[in-house]
Every structure is written in structure tokens, then in C-alpha cells.
Amino acid sequence: MNTKVELLNKEKPNMKVLEKAGKIIRNGGLVAFPTETVYGLGANALDDEAVQKIFIAKGRPQDNPLIIHVADFNIEQFVKEVPLIAKKMMEEFWPGPLTLIMKKSDEIPSVTSAGLESVGIRMPANNVAKGLIKEAGVPIAAPSANISGRPSPTEIERCIQDLDGKVDYIIGGEKCNVGLESTIVDCTVDPPCILRPGGITVEMLREIDDRVYIDPAIMKKPEENFKPKAPGMKYRHYAPKAPVKIITGDLKKSIAKIQEIVQNYIDANMKVGIMATDETIEEYSNAIIKSLGSREDLYSIGKNLFQVLREFDDEKVDIILSEAFDEKGMGIAIMNRLKKAAGFDIIKA
Ligand code: AMP
Ligand code: MG
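Please read these numbers as outputs of a predicted model, since none were measured by experiment. (Residues numbered from 1 in each chain as written. Chains lettered and ligands numbered in written order. Predicted model: local features only at pLDDT ≥ 70, side-chain atom pairs only at ≥ 80, totals over all residues. Heavy atoms only, no water.)

Novice: Just checking my understanding: could you explain the packing of aromatic side chains for this structure?
Specialist: Two aromatic rings, taken as a pair, are described by how far apart their centres are and by the angle between their planes. Under the definition given, this model contains one aromatic pair. With 6.2 Å between their ring centres and 45 degrees between their planes, Phe73 and Trp94 make a pair best called tilted. With Phe73 in the loop between strand S4 (67-69) and helix H3 (84-93) and Trp94 in the loop between H3 and strand S5 (98-103), this pair connects stretches of sequence that are 21 residues apart. The aromatic ring of Phe312 is capped on one face by Lys290, whose charged end is 5.7 Å from the ring centroid. (Phe/Tyr/Trp six-rings, centres within 6.5 Å; stacked < 30°, edge-to-face > 60°. Helix = DSSP H or I, 4+ residues; strand = E, 2+ residues; numbered from the N terminus. Lys NZ or Arg CZ within 6 Å of the ring centre and 35° of its normal.)

Rendered as C-alpha cells:
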């Protein structure tokens, strides 16, 4: 191991570790740390050289902007204005898995916003993340702590796997609660538009403004010349090494279809992984079968999704077949990540 790793208790993180990590950030270094969504790879958001290091460590395309993480509600200096709708959403959902896009001030270097005139801001709820930002004394730019294109890390082992030797410090230890990246809402437009679904659902946001809608482009297969409003949504993302196929339709029919496809692959001497659920796991055979969680609790599915994708990498399967979920509530975020992992390879049962 090349990078120093420090395990922390999220209820009561060791202050010495947070002080040291904060100092690294302040001095222009990189620290991987846990949030309630996924692990983040952080640098001082106001220091363009430090931010540049994030792009290099991850192999991230330069036109993919970073979200900045703050620990208090005083964000006026980072934006041109805080629209009323953003204020209401902050009051309701911060700290939490919600990123708000606003017009950026000159304090935010253009490398952080990837040349855009806007910036995404979020206040994480995890105590380690909050403590680190406070200790650093600066906002922290932090994309997910994985090599670009791979499933986001929700456990510290996966950060180490991707970033050992490439960053200055890795802290954390506990599995992320939400397991999917934050919901992103564009507050520079009226009505506000969801650019990426996540743990704060469209239904929850509509309690604040019933006109909130999801950018229709993001749930579809990207067309050529596709230019989503959230630049990151155009990249192949969340992808394990093996190809993923999603089987949609009535659950009973999907199970039968998956078993039929498994047989075809086995005949071709391939190792198959199946992403099932607690309710269906007993229905399959002749494959490596993992449950994502219970269909009764979509939050459990979101929490486990990236981890299970990575476990299939460890198992070196040749193909992954996944059940689908209703696109309601958390199901929207889950299906968004699954479809991207599958490159929109969807089979109707
Ligand atoms: P990651 O931190 O890897 O989860 O990626 C952050 C994502 O947030 C990017 O890929 C963009 O899609 C989105 N994003 C960040 N800043 C902006 C912005 N100013 N405008 C639109 N989307 C943004
Ligand atoms: Mg990411």
C-alpha cells in the first residue's frame, strides 16, 4: 500500500485525522473520504492546481465539472445569487444527497466548473465529510473516488483499489448509506430541472415546487451529438468490466427470460452473474447469483448496487444479467445507474 489509509468511526471521527486531512486539502493535496452518497476524491475547490490533480488521478475528462462540498449555509461568495427555490431546497434537504446548480462567482476557478458559468454545490450529511470540510476551511471539490467510468466506490476497499498511490490520504471505513450519487437540480432555470436522479426523489422535490421535472434526455439512450445539461451524463459510467444486460417486464416473465438467457451463455462456456433481489434469488440456478436487497426497500437496492457490480468484477464473470425496477421514487435513480452500466442494453421479457 502506498497511500496512508485511516479508518474512522463515522459517529465520532478522530479529530487528529480530520485535522491532518484538512491540512492536506488546504495545502493543495488530494484526500479520499466518505460521504453518505459515495466516497469522494477531494481537493480545495478554490485552488485550480489542486483541482487539476483530481482530473489526473481519476483520468476524468476535462469537460466534466466537479461538485463543491460545503459545511455551512453561507454559500453567497461562491455564487452570483442564491435563487429562492434553491434556498427552500437547501433548508429542506441539506445536509443531504442533493446538489444544487447555480450561477458561479469568480471565486470558483473555471477548471472546477469545467468552463461552465455555473457550479454544483452540496452539503454532505456524513460526519467525516462535514468534519473534513470544516477542518480544511475551504469548499472541497469532490467527484466520486473511482477511476473514471468504473462504478462509484461505496466501501473504502474500493477507493483503495482504484486510488492507492495516486492520492495523499484515504480516510473512512464505513459503507455509504445511500450508495448512489446525489440528486442534481438545476436552479438556474425555472422550473427547476433534475439533471441526475438520486436519493432525494422527484416526488420529494415536488413537495417544494410541484413543477420540478426530470430532464427527459437522461433516461434515454444517448443519441449521437447528445449534449445533456449535466456534462457527466454523456459518459459511459458506473460500468463493471463485464457487459450488463437488463431484463424488463413482468417479474415472473423476467425471471424465466433470465434463466433462458443463462442457459444460452452456459452452452457457450461463459460465466454468468445474475443481479437478483431477496424475493427472487431462489428462482435462479447455474450462475453466480447475488441479491441487491429487497424489492420492498428500494433504498437497500440503491445502497448495494455499485458494490455488487464490483463484486462481479472480482468473480470475473463474462456477462451480468439484471432484473429491472419500477421507475418510481428511488427506482428512478437505480434504473438510471443500471441503464448506464448496461450501455442501455435492455431486453424485454
Ligand atoms: P461526480 O462528482 O463524478 O458524481 O460528477 C458530478 C456531475 O455533476 C458531473 O458529471 C456533471 O454531470 C454534474 N455537474 C457538476 N457541475 C455541474 C454544472 N455546473 N452544471 C451541470 N451539471 C453539473
Ligand atoms: Mg462519478
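Novice: Where do I start with the sheet that holds strand S16 (residues 346-348) in this structure?
Specialist: Note: strands within a sheet are paired through backbone hydrogen bonds, in either parallel or antiparallel orientation. Taken in spatial order, the five strands of this open sheet run S14-S13-S15-S12-S16, and their pairing is parallel. On the outer flanks of this sheet lie strand S14 (288-291) and S16, each paired with one strand and no other. In this sheet, neighbouring strand axes are inclined to one another by 25 degrees on average, regardless of whether the strands run parallel or antiparallel. Running over the sheet, helix H8 (residues 298-314) touches strand S12 (244-248), strand S13 (272-276), S14 and strand S15 (319-323) and is turned about 165 degrees from S13. (Pairing = 2+ DSSP bridges. Axes fitted to C-alpha atoms, helices over the stretch in contact; angles between N-to-C directions. Contact = heavy atoms within 4.5 Å.)

Novice: Where do I start with the environment of Ala125 in this structure?
Specialist: You can see Ala125 is positioned in the loop between strand S6 (118-122) and helix H4 (127-136). With a relative accessible area of 30%, Ala125 lands in the partly exposed category. C-alpha of Ala125 to C-alpha of Glu296: the two residues are 171 residues apart in sequence and 25 Å apart in space. Setting aside chain neighbours within four positions, we find Ala125 in contact with Glu36, Pro95, Gly96 and Lys130. (Buried < 20%, exposed > 50% of the residue type's maximum accessible area, 1.4 Å probe, protein only.)

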